[in-house]
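A look at the structure
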Amino acid sequence: MDFKINILRVMPIGIEINRKCEICGVVFRVKYLDTRYCSGKCSKVALKRKRDAEAREARLDEVATSIPDIREYISVKEAVAMFNIERGTLYRLIRIGRIPAVNIGVHLTRIKRSDLESMFAKRPEAREEKNKPVPKLYSLEPEDCYTIGEICEKYHIHDSSVWSHVRKYSIPSRQIGNYVYVPKKEIDELYKSDV
Ligand SMILES: [Zn+2]
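Here's what I pulled together on the structure shown here. Small disclaimer: the values here were computed from a predicted structure and weren't measured.

Cut-offs and rules
- What you see as residue numbers is a count from 1 along each chain, following the sequence as written.
- Given that the model is predicted, a residue must reach a pLDDT of at least 70 before its local features are reported, and side-chain atom pairs must reach 80 or more before they are shown or counted; all residues, however, enter totals for whole chains, interfaces and linings.
- Hydrogens and waters are ignored; side-chain quantities use all the structure's heavy atoms.
- Only protein chains enter the accessibility calculation, which uses a 1.4 Å probe. A residue is then buried if its area is under 20% of the maximum for its type, exposed if over 50%, and partly exposed in between.
- Here a strand is any run of E in DSSP of at least two residues, a helix any run of H or I of at least four, and the numbering for each starts at the N terminus.
- When DSSP locates at least two bridges between a pair of strands, those strands are taken to pair.
- Whenever a helix is involved, its axis is fitted only over the stretch in contact; in every case the axis is a line through C-alpha atoms, and angles between N-to-C directions fall within 0 to 180 degrees.
- A cavity, in this analysis, means grid points on a 1 Å lattice covering only the protein atoms where a 1.4 Å probe fits yet has no way out; a pocket is instead an open set bounded by protein on both sides within 12 Å along at least five of seven lines, and a residue lines either one if it has an atom within 4 Å of a point.
- Grid points are joined across faces, edges and corners, and a volume is the space filled by probe spheres set on the points.
- Side-chain classes are defined by residue name, with Ala, Val, Leu, Ile, Met, Phe, Trp, Tyr, Cys and Pro counting as nonpolar, Asp, Glu, Lys and Arg as charged, and the others, Gly among them, as polar.
- Any two residues having at least one pair of non-hydrogen atoms within 4.5 Å are treated as being in contact.
- Pairs of N or O atoms within 3.5 Å make up the polar contacts considered here, provided that, within protein, one atom can donate a hydrogen while the other can accept it, and that residues adjacent in sequence are counted only when both atoms are side-chain atoms.
- Salt bridges, as used here, are contacts in which a Lys or Arg side-chain nitrogen is within 4 Å of a carboxyl oxygen on Asp or Glu.

Focus: the pairing of strand S5 (residues 109–112)
Here S5 shows a buried face lined by Thr109 and Ile111 and an unburied face lined by Arg110 and Lys112. Pairing of strand S3 (residues 73–75) with S5, which is carried by three bridges, proceeds in the antiparallel orientation. Opposite tyrosine 73, over in S5, you have lysine 112 as the bridge partner. Sheet topology places strand S4 (residues 101–103) next to S5; three bridges connect them, and they run antiparallel. What sits directly across from valine 102, in S5, is arginine 110.

Describing the sheet that holds S5
Judged by pairing direction, the sheet is antiparallel, and its three strands sit side by side in the order S3-S5-S4 without closing on themselves. Where the open sheet ends on each side, the last strands, each with one partner, are S3 and S4. Strand-to-strand twist across the sheet, computed as the mean angle between neighbouring axes with direction ignored, equals 35°.

Comments concerning the layout of surface pockets
Sizing a probe to match a water molecule and rolling it over the atoms shows the empty space that remains. Of the pockets and cavities examined, the largest pocket occupies roughly 390 Å³. Lining the largest pocket we find 16 residues, and of these Arg19, Leu33, Asp34, Glu189 and Leu190 sit closest to its centre. Counting residues per element, the lining of the largest pocket draws most heavily on helix H9 (residues 184–191), at three residues. Class assignment for the residues of the lining of the largest pocket results in five nonpolar, two polar and nine charged. There is about 260 Å³ of room inside the second largest pocket. Lining the second largest pocket are 13 residues, with Arg56, Glu57, Arg123, Arg127 and Lys130 sitting closest to its centre. For the lining of the second largest pocket, the secondary structure elements donating two or more residues are helix H2 (40–65) and helix H6 (123–131). Of all the elements, H6 adds the most residues to the lining of the second largest pocket, at five residues. Considered class by class, the residues forming the lining of the second largest pocket number four nonpolar, two polar and seven charged.

Quick notes on the environment of threonine 109
Looking at the secondary structure, you find threonine 109 in strand S5. With relative accessibility at 12%, the residue threonine 109 sits in the buried group. In the structure, threonine 109 is positioned 15 residues away from isoleucine 94 in sequence and 9.5 Å away in space, judged by C-alpha atoms. Excluding residues that lie within four positions of it along the chain, threonine 109 makes contacts with Ile74, Ser75, Val76, Ile94, Ala101, Val102 and Asn103. A polar side-chain atom of threonine 109 sits 3.2 Å from a polar atom in the side chain of asparagine 103.

Some details on the environment of tyrosine 146
Within the secondary structure layout, tyrosine 146 lies in strand S6 (residues 145–147). Tyrosine 146 sits in the buried class, given a relative accessible area of 9%. Contact partners of tyrosine 146, with chain neighbours within four places excluded, come to Ile151, Lys154, Val180, Tyr181, Val182, Lys184, Ile187 and Asp188. Of note is the side chain of tyrosine 146, whose polar atom sits 2.8 Å from the side chain of lysine 154.

Looking at the pattern of salt bridges
Taken as a whole, this structure holds 15 salt bridges when the rule is applied. Across the salt bridge formed by aspartate 61 and arginine 123, the nearest N and O atoms sit 2.6 Å from each other. One end of the pair, aspartate 61, is in helix H2; the other, arginine 123, is in helix H6, with 62 residues separating them in the sequence. Between lysine 192 and glutamate 189 there is a salt bridge, with its nearest N and O atoms 3.0 Å apart. One salt-bridge network, in which partners are shared between bridges, spans Glu57, Asp61, Arg123 and Arg127.

Following this line, the structure appears as structure tokens:
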């Protein structure tokens, strides 16, 4: 009984999990299973990067919508705003002759819009595609699953914690007889420790 109380006191995780900070790469002990950054400083950097990326998207959208539909030739800047292609890649493809371009002066490269249309997705469509959640495939066959008891044993974690994580992170489960089965892959991913 005492054991149970002790475990509950060290929630939310109750086990030592170390992860690599997605910003600075330092390995740190996480407090919560979905912690991604080692410090407030790194969280701020991550937030700033996200905001900067959004601002860039908004600027590109503005350029793209300002191009008249009837205009056949567009600049590199406009091409980058309209299509899912980076500036450097575009210049390289022009240089090797993969994309025909005309030079109407210094820094005045023009590309035929229809040439790009046949090669690249429109940027907003590509963005939507990228942000679409990838459907996860789960196997709930017992051989691909742990029982809740097996998870407690393997990760030295209390069953009430396991249940709360399964609910919180929407991990599917399946009951067969007296046992509840949860996909091994999902659980191992959830409790993995980088060190
Ligand atoms: Zn960090």
